[in-house]
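Overview (structure and organization)
Given next are the chains, with one letter for each unit.
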Amino acid sequence: MSEFHPKYPRYRGRFAPSPTGPLHFGSLVSAVASYLQAKAQAGEWLVRIEDIDPPREPAGAADDILRTLEAYGLNWDGPVLYQSTRRDGYEEALLDLNRQHFTYPCTCSRKQIQEALSRSNKTVYPETCRGATATKSPHATRVKTEFQDIPIRDAIQGLFTQNIREHVGDFVVKRADGFYAYQLAVVVDDAYQNITEIVRGSDLLDNTPRQAYLQRLLDFPLLQYAHIPIATSNGDKMSKQTKAPPVSRQNPLETGVQVLKFLGQKVPDQWEFATVDELWQWAIRHWSLAAIPKTRSLEYGARRENT
Ligand code: GLU
Ligand code: ZN
């Protein structure tokens with residue numbers, strides 16, 4: 001663990017993209033929102049590449065994302081952390097959960113789980129292996145959940161509460177192929193990097209109670225959260241899956257203005273004459289978290305036509 005444990009920690013935010021492809025508008029919005037929220041509080045803004053799922057990561061995608069952030073003048077503090085280098089940290093957390101008897105091996109195949117679900121009227125993993133102990137056969141590792149409401153007080157979305165045993169079920173923290181699950185890695189690294197607040201897309205809001213649960217089990221500090229609206233195009237999240245175009249590096253100023261408008265922020269009167277660095281300096285001074293639309297998603301195309 002890092003040595004930095006001040007009593008009143010300085011604000012530390014982060015942008016944590018998965019390198020599954022180039023940045024699209026929606027992920028640029030997350031990058032800018034987390035950057036401005038950190039800088040408006042004279043805080044630090046870290047970039048973490050969440051490369052824990054190699055089969056989904058085309059070669060060069062991480063570099064491509066970093067070059068785009070640079071082209072937009074979004075300068076991160078400290079070195080970039082790559083999750084592919086953090087396996088020891090995840091294993092340590094897993095051992096900790098294991099010592100507390102909160103994990104168990106699950107040998108169910110996807111098909112077996114589907115069959116068990118269709119026999120019962122459950123929608124989440126039916127806890128088939130909950131009583132299991134060590135096994136030599138290939139297995140995923142699941143964490144035991146509890147019937148308990150976990151409240152998240154989100155600075156934008158308000159109170160979000162979820163009973164994870166009922167709505168999510170015992171979830172996987174290490175996959176059968178040996179890779180660690182996002183839920184575990186993100187919690188371990190947010191603690192490792194002393195992050196104080198997470199600003200990210202609202203599509204991750206319903207993952208947050210699981211993460212808060214792991215933080216509690218691992219005795220990590222709790223975090224602040226602000227989940228911003230995700231950008232949709234004709235109702236679908238703008239992502240690689242929906243073939244959203246990558247953001248261009250050619251006109252960061254114009255795109256930066258679109259991002260600020262999407263986030264409900266003011267833009268300078270004569271922005272046409274500014275540089276993108278000046279745009280961010282202005283945006284940091286005028287940043288208002290309260291002005292961000294309190295909604296889970298927003299049409300990007302439609303707003304653009306209106307402006
Ligand atoms: N790596 C995740 C993603 O790109 C985001 C993780 C997070 O911000 O917690 O969707
Ligand atoms: Zn199982």
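First things first, this report covers the structure right here in the doc. Because the structure is a prediction, the values reported are computed rather than measured. (Residues numbered from 1 in each chain as written. Chains lettered and ligands numbered in written order. Predicted model: local features only at pLDDT ≥ 70, side-chain atom pairs only at ≥ 80, totals over all residues. Heavy atoms only, no water.)

What the protein contains, in helices and strands, is 10 helices and 13 strands. Each principal axis of the C-alpha distribution contributes one length, and for the protein these read about 65 × 45 × 40 Å. When burial is assessed residue by residue, the protein has 52% of its 307 residues classed as buried. Of the contacts made within the protein by residues no fewer than 6 positions apart, 78% connect residues no fewer than 24 positions apart. Carbon and sulfur atoms provide 50% of the accessible area of the protein, an area that totals close to 15300 Å². Between the centroid of the 37 positive side chains of the protein and the centroid of its 36 negative side chains there is a distance of 4 Å. (Helix = DSSP H or I, 4+ residues; strand = E, 2+ residues; numbered from the N terminus. Buried < 20%, exposed > 50% of the residue type's maximum accessible area, 1.4 Å probe, protein only. Contact = heavy atoms within 4.5 Å. Areas by Shrake-Rupley, 256 points an atom, 1.4 Å probe, with all protein chains shown as cover. Lys, Arg positive; Asp, Glu negative; His and termini not counted. Charge placed at Lys NZ, Arg CZ, Asp CG, Glu CD.)

Attention now moves to the coordination of the zinc ion (ligand 2). For the zinc ion (ligand 2), every protein donor is listed as Cys106 (SG), Cys108 (SG), Tyr125 (OH) and Cys129 (SG), and the spread of their distances is 2.1 to 2.3 Å. We note that the donor set of the zinc ion (ligand 2) lies within a single chain, spaced as C-x1-C-x16-Y-x3-C. As far as the burial class goes, Tyr125 and Cys129 line up, both buried. (Donors = N, O, S within 2.8 Å, 3.2 Å for Na, K, Ca; no water.)

Glancing now at the site of ligand 1. Around ligand 1, the neighbouring residues are Arg14, Ala16, Pro17, Ser18, Glu50, Tyr182, Val186, Arg200 and Leu204. Protein burial of ligand 1: of its 300 Å² of free accessible surface, 78% is covered by the chains. Looking at the shell around ligand 1 residue by residue, the class counts come to five nonpolar, one polar and three charged. (Near = heavy atom within 4 Å. Nonpolar A, V, L, I, M, F, W, Y, C, P; charged D, E, K, R; others polar.)

By size, the foremost hydrophobic cluster in this structure holds 46 residues, and its most contacted members are Phe25, Leu36, Leu69, Leu74, Leu263 and Trp280. Mapped onto this core, the elements with two or more residues apiece are helix H1 (25-39), strand S2 (44-49), helix H2 (61-71), strand S10 (224-228), helix H8 (252-262) and helix H9 (276-286). No other element matches the nine residues that H1 contributes to this core. Ignoring any residue separated from it by four or fewer positions in sequence, one finds Leu263 in contact with Val29, Val32, Ala33, Ile228, Trp287, Ala291, Ile292 and Pro293. Listed in part, the 31 residues of the second largest apolar core include Ile52, Ile152, Ala212 and Tyr213. (Core = buried A, V, L, I, M, F, W, Y, C linked by side-chain atoms within 4.5 Å.)

This paragraph deals with the packing of H1 against H9. At a minimum axis distance of 9 Å, the contact between H1 and H9 shows a crossing angle of 60°. When the axes of H1 and H9 are compared, the pair comes out oblique. The crossing of H1 and H9 is right-handed. Facing H1, whose interface residues are Val32, Tyr35, Leu36 and Lys39, H9 presents Trp280, Ala283 and Ile284. Taken together, the residues of the contact of H1 with H9 break down into six nonpolar, no polar and one charged. (Axes fitted to C-alpha atoms, helices over the stretch in contact; angles between N-to-C directions. Parallel < 35°, antiparallel > 145°, perpendicular 65-115°, else oblique. Left-handed = near helix turned anticlockwise from the far one by under 90°.)

Another aspect to go through is the packing of helix H3 (residues 87-99) against helix H6 (residues 182-192). Running from amino to carboxyl end, H3 crosses H6 at an angle of 105°, the nearest separation of the two axes being 10 Å. By the angle between their axes, H3 is roughly perpendicular relative to H6. Contacts between H3 and H6 involve Gly89, Tyr90, Ala93, Leu94 and Leu97 from the first element and Leu184, Ala185, Val188 and Asp189 from the second.

Take the pattern of salt bridges next. All chains considered together, the criterion is met by 20 salt bridges. Residue Asp170 pairs with Arg130 through a salt bridge whose shortest N-O separation is 2.8 Å. Placement of Asp170 in the loop between helix H5 (164-167) and strand S8 (171-174) and of Arg130 in the loop between helix H4 (110-119) and strand S5 (140-143) is noted, with a sequence separation of 40 residues between them. A single salt-bridge network, built from bridges that share partners, covers Arg14, Arg48, Glu50 and Asp190. (Salt bridge = Lys/Arg side-chain N within 4 Å of Asp/Glu carboxyl O.)

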